[in-house]
Amino acid sequence: MLIGLQILGGLVSAAILFLVAAGLTLIFGVCRVLNLAHGTFYMLGLYAAYSLTTALHGLPGAFWLALVLVPLLWAAIGAVLEAVLFRRLYGVDVLLQILPTIALVFLGQDLVRAVWGLTPKLVSTPPALLFPLHVFGVIAPAYYGFVVLAGVVVAGALWLLIARTDWGLLVRATARDRVVAATLGVDTGRIMTSVFALSMALVGLAGVLFAPIGGASPGMGVDSTVEAFAVVVVGGLGSVWGSAVAALGFGMLKSFGILVAPRFAVAFVFVAMAAVLVFRPAGLFRAPE
Amino acid sequence: MRPIRLLAAAAIVLSAATAYAQEPLRVGVISSRSGPFAVLGEQGDDGDILAAEEINKNGGILGRKLELVFADDTSQASETSRVFRELAAKGVSVILGNTDNGDAATALAKELKIPYIAAALGYSRDLTEEKGHRYFFRLIANARAYYGPFAERVAQDKHTRWCTIGLDISYAHDMTPNVLKYLKAQNPATTVVDGCQFWVPVETTDFSPYITAILGKQPDALLFGGVVGPALIGFINQANSFGLFKAIPSVHPALGWPGNNEGLREEDIPGNIVTAGDFIYPPPADRPSAKAFVDTYKARWGALPWSEALRSYVAVKFVKVAFEKAGRIDREAFVDAAEGLTVDDPVQGPITVRPFDHQATVSVWVGRLSWDAKDGRPGLADAQFVPSAAYLPTAQEIASLRAKTN
């Protein structure tokens, strides 16, 4: 019973971590910008899910609408942000790249404070998933199963998109060498805009998915950036598959670490990160492919 | 004749225009208006402002206008010290604390000989005990006065095998063993299940691995009082989705504090959580002043008050009665007047600042977390008021505690 619950808990953490980390690593891999504000958009996704579901209170489909609408909206915001702000940061000094993203972190925090205030907000679990699920020999909330399933489906779709489509080919080419790709006729500007939009859609999705579990509270942005950053470093900067494996490892490490030494469960994750940095500085999966 | 009449007329006009001829009475307020305690600091400030407005409308304090001088310590102890010195330099007569950094403040109060009142926050037990001194006052509940009544209520259910979960912060590390100690005193068979004491990093938002671990250990009961702040609402939500409260009776000593349960919806409240609070919803029906305070506050700020707002409001009123008893604006005279002084708390009734440790006799209600449909917010059901007197340390205990450290 214990093991089954622990596995499910770990898988849920892993699914959310993966969705956040995948966007972070994609933006880094293709655009070569470390977007510290990535977690801020995760937090804003949580609040967007809260506002949408409360505005449509009573409508059973409110959550599902948020699940579709928020990622689309985030993709649009991502495309605009890339065109207006991030495009100017490519190739400049790392410090100059990071400062505007830190500014976004503060802007996001003040926005949350101004619009939603400081008290945490709760989001209802969609009624269709309010039943107990029998899995791994235990009874667990069906919604957790749904989050894990969503994580797996998105990971699969992402793999198809990057490995099996023309767009994916162009993305990989741009990631490997932007200049060569551009001379071969790839519109790298558009590729980077679309990668940004995709990454933002993923982080928006992560926010909506986690909202019924953790609610929304200020401060969730910075924390999720830190965790996703550890996942990205372990998985290899720029490697989506590395992030998937690292997120799974982190989720399980946290979940089972709690049974072994509850006080150090989170430290395990960062000890693992330090070990990877020492023995495989490029991450578990060498990036970019 | 004419110049004299003119002068007289001018004097009348002047005295009417400036109701307060003298310098205003300045009271400093150190408040956590940003950082993790911001939401509580703001509540405290709103309570202070409401009280000051009422006082100034009714002639001020000893004929002088009350002026609050605010300073934000950003929830950091180092900033508390810095702004404390700043306020001292501005010549404030008393400093009120809407901050949890009581340690930093009490040290400076002693050094600079400025009375400091823990008004909205500052629950560390030792502040009025080992570390207590002439210039520190606490007008909020004493930890002992809610651990004790709470543990007695919990012990009625005769649980023996416990799990605990709390954030990895000093409050939780102080509260958890203390509540267990009180429980053990009530029921000697009380034990903690092996490996079932969890200290969670402050920034945790995903509690599912902890919840599943607790479910797996199958204890009789769970003490989750160490989970406070924004994490608390998330924890309850996730615990509900795993059916934790249905499987394991759970208790929390401070979920009755309105600031702690704000954000919970009717469907989130399992109905069997035993808790305590120093300001309950619905407000006690037998005390009309409680409803009046809630209504006045709501009219002024457009929201329902929490404990922090009430406590700060009472603290400002306390400053008024203390200076009026002293008869002059002087820090030493304030301390002398404040010792043993009673002030009216609109919700709790009269509370007295004990002369030997400067702890006010603020009490708590114990009950079950429930939904207060009338006010549309979480509240306390089966609430029972437990006077603090029996739980606060005696003058002798205080003397021996202080003798040990000095």
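Being a predicted model, the structure only gives us computed values, none of them experimental. (Residues numbered from 1 in each chain as written. Chains lettered and ligands numbered in written order. Predicted model: local features only at pLDDT ≥ 70, side-chain atom pairs only at ≥ 80, totals over all residues. Heavy atoms only, no water.)

1. Quick look at the confidence of the model for chain B
Okay, so step 1: Counting all residues, the mean pLDDT for chain B is 91, and 95% of those residues have values of 70 or more.
Okay, so step 2: Confidence drops under pLDDT 50 across residues 12–17 of chain B; counting only partners more than four residues distant or on other chains, this segment forms zero contacts. (pLDDT = per-residue confidence, 0-100. Contact = heavy atoms within 4.5 Å.)

2. Here's the deal with a nonpolar patch on the surface
Residues and elements named next belong to chain A.
Okay, so step 1: A surface patch of nonpolar side chains, about 380 Å² in accessible area, is lined by Leu 253, Val 260, Phe 264 and Phe 268.
Okay, so step 2: If you trace the backbone, Phe 268 turns up in helix 11 (residues 265–279).
Okay, so step 3: Overall, the relative accessible area of 30% leaves Phe 268 in the partly exposed class. (Patch = residues over 30% accessible without salt bridge, like charges linked within 9 Å, V, L, I, M, F, W, Y side chains within 5 Å. Areas by Shrake-Rupley, 256 points an atom, 1.4 Å probe, with all protein chains shown as cover. Salt bridge = Lys/Arg side-chain N within 4 Å of Asp/Glu carboxyl O. Helix = DSSP H or I, 4+ residues; strand = E, 2+ residues; numbered from the N terminus. Buried < 20%, exposed > 50% of the residue type's maximum accessible area, 1.4 Å probe, protein only.)

3. Regarding the sheet that holds strand 9 (residues 250–252) of chain B
Residues and elements named next belong to chain B.
Okay, so step 1: In space, the seven strands of this open sheet follow the order 7-6-8-9-10-13-14, with mixed pairing throughout. Sheet topology places strand 7 (191–200) and strand 14 (377–386) at the edges, where each strand pairs with a single neighbour. Averaged over all pairs of adjacent strands, the angle between their axes in this sheet comes to 25°, without regard to strand direction.
Okay, so step 2: For strand 8 (residues 221–226) and strand 9, the ladder comprises two bridges, and the chain directions are parallel. Its bridge partner lying in strand 9, Leu 223 is registered against Val 251.
Okay, so step 3: Helix 5 (residues 144–155) contacts strand 6 (161–167), strand 8, strand 9, strand 10 (274–277), strand 13 (364–372) and strand 14 of the sheet and is inclined by roughly 65° relative to strand 13. (Pairing = 2+ DSSP bridges. Axes fitted to C-alpha atoms, helices over the stretch in contact; angles between N-to-C directions.)

4. Digging into the side chain of Ser 32 of chain B
All names here are of chain B.
Okay, so step 1: By the secondary structure assignment, Ser 32 is in the loop between strand 1 (25–31) and helix 2 (38–57).
Okay, so step 2: A relative accessible area of 0% places Ser 32 in the buried class.
Okay, so step 3: Of note is the side chain of Ser 32, whose polar atom sits 3.3 Å from the side chain of Thr 99.
Okay, so step 4: Beyond its immediate sequence surroundings of up to four residues, Ser 32 is in contact with Phe 37, Ala 38, Gly 41, Glu 42, Asp 72, Asp 73, Ser 75, Asn 98 and Thr 99. (Polar contact = N/O pair within 3.5 Å; in protein donor to acceptor, adjacent residues only side chain to side chain.)

5. Notes on the state of the cysteines
Residues and elements named next belong to chain B.
Okay, so step 1: Taken as a whole and assessed by the stated rule, the structure comprises one disulfide over all chains.
Okay, so step 2: A sulfur-sulfur separation of 1.9 Å characterises the disulfide bridge that pairs Cys 163 with Cys 196. Its S-S torsion of approximately 95° makes the covalent link between Cys 163 and Cys 196 right-handed. Of this pair, Cys 163 sits in strand 6 while Cys 196 sits in strand 7, placing them 33 residues apart in sequence. We note that Cys 163, like Cys 196, is buried. (Disulfide = S-S within 2.5 Å.)

6. Considerations on the interface of chain A and chain B
It is common to give the size of an interface as the accessible area lost on bringing the parts into contact.
Okay, so step 1: Contact with chain A, which involves 31 residues of that partner, is made by 36 residues of chain B.
Okay, so step 2: On inspection of chain A and its partner chain B, the count reaches one salt bridge.
Okay, so step 3: In this structure, Arg 113 of chain A and Glu 42 of chain B form a salt bridge, with 2.8 Å as the shortest nitrogen-oxygen distance.
Okay, so step 4: Across the contact surface, chain A and chain B share eleven residue pairs in polar contact (both at pLDDT 80 or more).
Okay, so step 5: Within the residue set of the side of chain A that touches chain B, elements represented by two or more residues are helix 1 (2–31), strand 2 (138–141), helix 8 (188–214), helix 9 (220–235), helix 10 (240–260) and helix 11 of chain A.
Okay, so step 6: By residue number, the principal contributor to the side of chain A that touches chain B is helix 1 of chain A, which donates five residues.
Okay, so step 7: Within the side of chain A that touches chain B, the residues separate by chemical class into 19 nonpolar, nine polar and three charged. (Nonpolar A, V, L, I, M, F, W, Y, C, P; charged D, E, K, R; others polar.)

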